[in-house]
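# Understanding the architecture of this molecule
Given next are the chains, with one letter for each unit.
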Amino acid sequence: MDLFLLNQKHTLTILKTHKRYNFITYLLNPASKSSFRCLQTIETSQNPYKEPFSSATTLPDSLLVEKIIFNLKHGNVNSLLSYQLRLNPSVIVDVLCRCNANLQLGQRFIDSSVLNGSNFKHSSVSLSAMVHVFVRSRRLSDAQALILRMIRRSGVSRVEVVEALVSSMCGNCGTNNLVFDLLIRTYVQARKLREGTEAFRILRSKGYLVSINACNSLLGGLVKIDWVELAWEVHREVVRSGIELNVYTLNIMVNALCKDGKFDDVKSFLSEMEGNGIYADMVTYNTLIGAYCREGLLEEAFEIMNSMADKGLKPSLFTYNAIINGLCKKGRYARAKGILIEMLNIGFSPDTTTYNTLLVESCRRDNFSEAKEIFGEMLRQGVVPDLVSFSSLIAVFSRNRHLDQALVYFRDMKKFGLVPDNVIYTVLMHGYCRNGNMLEALKIRDEMLEQGCVLDVIAYNTILNGLCKEKMLTDADKLFDEMVERGALPDFYTFTTLIHGHCQDGNMTKALSLFGTMTQRNIKPDIVAYNTLIDGFCKVGEMEKASELWDGMISRRIFPNHITYSILINAYCSVGHVSEAFRLWDVMIEKGIKPTLVTCNTIIKGYCRSGDSSKADEFLGRMIAKGVAPDHISYNTLINGFVREDNMDKAFLWINKMEKEGLLPDIITYNVVMNGFCRQGRMQEAELVLRKMIEKGINPDRSTYTALINGHVTQDNLNEAFRFHDEMLQRGFVPDDVF
């Protein structure tokens, strides 16, 4: 019998007959080159094998390994604690290799001494040795946790990880592939796809195989994050390695082709796979149909669906849902609804996704009756609505100011046991804000907080926008402070909303302060922000400040657009700086910025205000030549300009031109011209305008009669004055004066 085992038996005999004793221990390793003995004093108590702590600190690694093995074999787990401070990666590897034939011992050592021991620094090899034990023991989650620890270690390369797993195999060739599979899967699950690809290549270069399941995991991970080209490189390596592919590989790579838009290559790829005995299945067809629908290639999607029968396959719920979604995205709602009816007719049960797709589209179209019908059908079929269903309905009614109906669905949602989320609360707040009902909007905010929802920046921006529109700027500033205190970081929209609100309120100091805070937070202003501020300063008459902002904007390489030019041109015209307005107009044209109707009307107003309506007349002609069609404002401004200059013939001429262009003058236009003729005592022309107005179906108003009465009185035509006075009374208008 082995000397080691004889000494074990002898020791056990002594321990059974003595409670406290001293003895010379046996030769620990008879196979070693230099035999030696170790003197120990063992105190028996609850554990007769308990050894003094000091003895463990003096043992060489080889003896420490022997003593650990001895205690493991005898189940002396408590005694192993005395060796924990002496453990190092080399000892761990040696112990686990010695336990190669006895997995239970290896697991006992890891669980009692290594995992629960002191936090010494593992090497890649010691971690790998434990991985092999766990994989052989089918403790895969424990093995994966250690692999994850390995691949996350700082400064450790993929080569080192692979070589560590290879060097710590201890002859367990049967489980090597499982370890390597787990390594690749762990890289994928940790979202380290590039590192996983490198590890796969290293394993292949060393001649080790990886199962097709692990390869599929890597391929699927790469395709999922759109690293399609790298996925094809791995696929080619898998094929070269002779690893047997399966239908999962086929489906992953079909998805890769679809993501890359290479639909023409799908057919040849499927033929190649069929040549290898791998055939498309339901997942393949659904992948293709879904991809075609996403690309709007609906005819191709229908063709694929119709060809399924030739392969003995029937469309699934996923197939129908993909087709319905594709039709809705292309605006073919009626056809999508027809697919739903077809499903019901053949006894196919739609699910929540089916109905939600149609519901979302009908709500997007603001088709209330259709949305209600779809929701009702959903309930009749016993399909339970979810948050998407209710949020779509609440949104469409809130958006269109039907808050009462939105609240009905909000209450119904709670009856279904659904808890409102941030989206639904924000939608309701937006509805109240659009209606100007800020009190109710703030109540929704309070309920939101009571329900434990965290107000995000979108929710805050919604309320801020409502407060600013209602000119509740003090409340808006307080809400902004609350937003910052609660950790919701203001974004571009937050600042531009507040800046616009304060500009509209004429508080340019506050607006400029917010603009400064915005830039300090590295939120870059855009042309909209600058336009808002420039417009604000123009409205309060601070043209110098507006010019400074203009220069600052250009220095940031943010260039003015047609709105910027229109703001300044209008402002200069309003304050009488017509020459500066015209200079900007010329610059705008030189920059190739096409003028808008608003800008053109501003220039017409500028000419007329400067008393040069003839120039405005010429300009209107150029404006038409450039393809900008005048509107009521264009003509009214020009006509009013001529009237102010007492050029009534021109004014009347433009009324006729306006009518020829199909633009019917309104009561204001006719009254302006009529009043001009009356001031000049040209009562025949004035009454001609009156007849023209009545012919066009526009009834005279109080101003019309007042102008005519005053005109006739001025010309001493009292009979005519009284005639219009009486007619005025008959129409229910009260004259200004009694004469």
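I will try to describe carefully the structure that is included in this document.

About the criteria used
- Residues numbered from 1 in each chain as written.
- Predicted model: local features only at pLDDT ≥ 70, side-chain atom pairs only at ≥ 80, totals over all residues.
- Heavy atoms only, no water.
- Helix = DSSP H or I, 4+ residues; strand = E, 2+ residues; numbered from the N terminus.
- Contact = heavy atoms within 4.5 Å.
- Expected span 1.5 Å × (residues − 1).
- Buried < 20%, exposed > 50% of the residue type's maximum accessible area, 1.4 Å probe, protein only.
- Polar contact = N/O pair within 3.5 Å; in protein donor to acceptor, adjacent residues only side chain to side chain.
- Salt bridge = Lys/Arg side-chain N within 4 Å of Asp/Glu carboxyl O.
- 1 Å grid on protein atoms, 1.4 Å probe; cavity = no way out; pocket = protein on both sides within 12 Å on 5 of 7 lines; lining within 4 Å.
- Points joined across faces, edges and corners; volume = space filled by probe spheres on them.
- Nonpolar A, V, L, I, M, F, W, Y, C, P; charged D, E, K, R; others polar.
- Phe/Tyr/Trp six-rings, centres within 6.5 Å; stacked < 30°, edge-to-face > 60°.
- Lys NZ or Arg CZ within 6 Å of the ring centre and 35° of its normal.

Our focus in this paragraph is the overall build of the protein. Helix and strand counts for the protein come out as 40 helices and 2 strands. Within the protein, contacts between residues separated by at least 24 positions form 59% of all contacts whose residues are at least 6 apart in sequence.

Okay, helix 19 (residues 352-364) next. Because each turn of an α-helix spans 3.6 residues, side chains separated by three or four positions end up pointing in the same direction. Over its 13 residues, helix 19 runs 18 Å from end to end, which matches the ideal 18 Å to within 8%, given 1.5 Å per residue. For helix 19, every residue scored as buried is listed here: Thr354, Tyr355, Asn356, Thr357, Leu358, Leu359, Glu361, Ser362 and Cys363. Contacts made by the buried residues of helix 19 are with helix 17 (317-329), helix 18 (333-345), helix 20 (368-380) and helix 21 (387-399). The residue sitting at the N-terminus of helix 19 and contributing the capping side-chain oxygen is Asp351; that oxygen lies 3.2 Å from the backbone nitrogen of Thr353. Looking one or two residues beyond helix 19, the residue adopting positive phi is Asp366, at roughly 60°.

Next up on the list: the pattern of salt bridges. A pair can form between side chains of opposite charge whenever their charged atoms are brought close. Applying the stated criterion across every chain yields a total of 35 salt bridges. For the salt bridge of Arg380 with Glu377, the shortest nitrogen-to-oxygen distance reads 3.0 Å. One end of the pair, Arg380, and the other, Glu377, are both in helix 20, 3 residues apart, so they sit about a helical turn from each other. On the basis of relative accessibility, which here comes to 61%, the residue Arg380 falls in the exposed class.

This paragraph deals with the layout of surface pockets. Looking at the largest pocket, its volume works out to about 480 Å³. Around the largest pocket, the lining is made up of 17 residues, and of these Lys267, Leu270, Tyr285, Leu288 and Ile304 lie nearest the centre. Of all elements in the fold, only helix 14 (266-275), helix 15 (282-294) and helix 16 (298-307) reach the threshold of two or more residues within the lining of the largest pocket. Classifying every residue of the lining of the largest pocket gives 9 nonpolar, 2 polar and 6 charged.

What follows is about the packing of aromatic side chains. Centre distance and the angle of the planes are the two values used to describe a pair of aromatic rings. The tally for this structure, following the rule as stated, stands at 18 aromatic pairs. Geometrically, the ring pair formed by Phe390 and Phe416 is tilted, given 5.7 Å between the ring centres and 55° between the ring planes. Residue Phe390 is found in helix 21, and its partner Phe416 is found in the loop between helix 22 (403-415) and helix 23 (422-434); the two are separated by 26 residues along the sequence. An aromatic cluster is present here, built from Phe368, Phe375, Phe390, Phe397, Tyr409 and Phe416 joined pairwise through their rings. When the ring centre of Trp227 is taken as reference, the NZ or CZ atom of Arg194 above it lies at 4.4 Å.

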